[in-house]
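Structural overview
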Amino acid sequence: MKWSEECKQEVREIILGGIAFGVLGVISLAAAVVLFFVETKIHWAVAAILSVIFLAAAGWAFFVEYPIDKDRQRCALEEEAKEEAGRQRKHTSGS
Amino acid sequence: MLNEDQRMQMMYTGLANCYIGERNLNRLTSQLLTVVNLAALPILTASQASMTLRYFVFTIGVLLCVFWFFVNQRMRARINYWQRCLAKIEPKVEAHEIPSTVFRVFTGADFEKSLRPPRIYAVNLLPWMFAFLWVAMLVITLFSLERRVP
């Protein structure tokens, strides 16, 4: 597997992770709102804490991890393009 | 003074050590967090535990799973980096060459086969599995407690 493909896989995984965390965060936030109005127990506070954790994780995935992975993918593509150009030059000078 | 071959050999050994170290660290972290999660999960079902303790443990457990996911991501990026460095040192596959005639460890068809998903990503699924377990266990505990209360 090429390095750029590995980077692409990492980018895909962080996007999927971010989306999953975001979905979980929205679900728990909705649950917290519903529980706040329906019940008087502590349940809504737990759901609210959970939504904060998941939404923070989604934010971290999209705003911290994603740019790093994307940058790494760009570097990989540039490096592979350079290697390919070098190989082509070698091939044409050899023939 | 080292000649080019000796220098490459030393670099290869050093990079291989870094690669092995990173992989071991990744496995060790996964093992440790698996043990921590498995040890803390029964607290949710313990009859003596108060609701506050259950909620606290649940929150910490979910937080650990989120942390675990990001740690895995970073570690895999570093493992890939060391692997790529090692692959660069190894002899390149030439168009006219029969691949099996040159000995390679970190490049070639056999190595790529070992990196194919889902085997390589199995460890990354553990945090999701445990996060699901935490939520499922809490929901089951809450329902069973409500049924018990008259």
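Quick note: structure is the one above.
Residues numbered from 1 in each chain as written. Chains lettered and ligands numbered in written order. Predicted model: local features only at pLDDT ≥ 70, side-chain atom pairs only at ≥ 80, totals over all residues. Heavy atoms only, no water.

1. Concerning the overall build of chain A
- Counting its regular elements, chain A contains two helices and zero strands.
- Along the three orthogonal principal directions, the C-alpha set of chain A runs to about 80 × 15 × 15 Å.
- Expressed as a percentage of its 95 residues, the buried residues of chain A come to 33%.
- Of the roughly 5900 Å² of accessible surface on chain A, 70% is carried by carbon and sulfur atoms.
- Treating the 11 positive side-chain charges of chain A as one cloud and the 13 negative ones as another, the clouds have centres 5 Å apart. (Helix = DSSP H or I, 4+ residues; strand = E, 2+ residues; numbered from the N terminus. Buried < 20%, exposed > 50% of the residue type's maximum accessible area, 1.4 Å probe, protein only. Areas by Shrake-Rupley, 256 points an atom, 1.4 Å probe, with all protein chains shown as cover. Lys, Arg positive; Asp, Glu negative; His and termini not counted. Charge placed at Lys NZ, Arg CZ, Asp CG, Glu CD.)

2. Brief notes about the nonpolar core
- With 27 residues, the main nonpolar core has Phe21 of chain A together with Phe58, Val62, Val66, Phe70 and Trp134 of chain B as its most contacted residues.
- Secondary structure elements with two or more residues in this core: α1 (3-38) and α2 (43-94) of chain A together with α1 (4-45), α2 (51-89) and α4 (122-148) of chain B.
- Ranked by residue count, the leading element in this core is α2 of chain B, at nine residues.
- Excluding residues that lie within four positions of it along the chain, Val66 of chain B makes contacts with Phe21, Ile53, Phe54 and Ala57 of chain A.
- Residues Ala16, Ile89, Phe106 and Phe111 of chain B belong to the second largest nonpolar core, which totals 10 residues. (Core = buried A, V, L, I, M, F, W, Y, C linked by side-chain atoms within 4.5 Å. Contact = heavy atoms within 4.5 Å.)

3. Considerations on the interface of chain A and chain B
- Chain A puts 29 residues into the contact, and the matching count from chain B is 23 residues.
- Summing both partners gives a buried area of about 2400 Å² for chain A against chain B, and 65% of it is carried by carbon and sulfur.
- Taken together, chain A and chain B are joined by four salt bridges.
- Residue Glu65 of chain A pairs with Arg74 of chain B through a salt bridge whose shortest N-O separation is 3.0 Å.
- Seen at the junction of chain A and chain B, the total is seven residue pairs in polar contact (both at pLDDT 80 or more).
- Elements that contribute at least two residues to the side of chain A that touches chain B include exactly α1 and α2 of chain A.
- Sorting elements by how many residues they give to the side of chain A that touches chain B places α2 of chain A first, with 16 residues.
- Residue classes in the side of chain A that touches chain B are distributed as 17 nonpolar, three polar and nine charged. (Buried area = accessible area lost by both parts, 1.4 Å probe. Salt bridge = Lys/Arg side-chain N within 4 Å of Asp/Glu carboxyl O. Polar contact = N/O pair within 3.5 Å; in protein donor to acceptor, adjacent residues only side chain to side chain. Nonpolar A, V, L, I, M, F, W, Y, C, P; charged D, E, K, R; others polar.)

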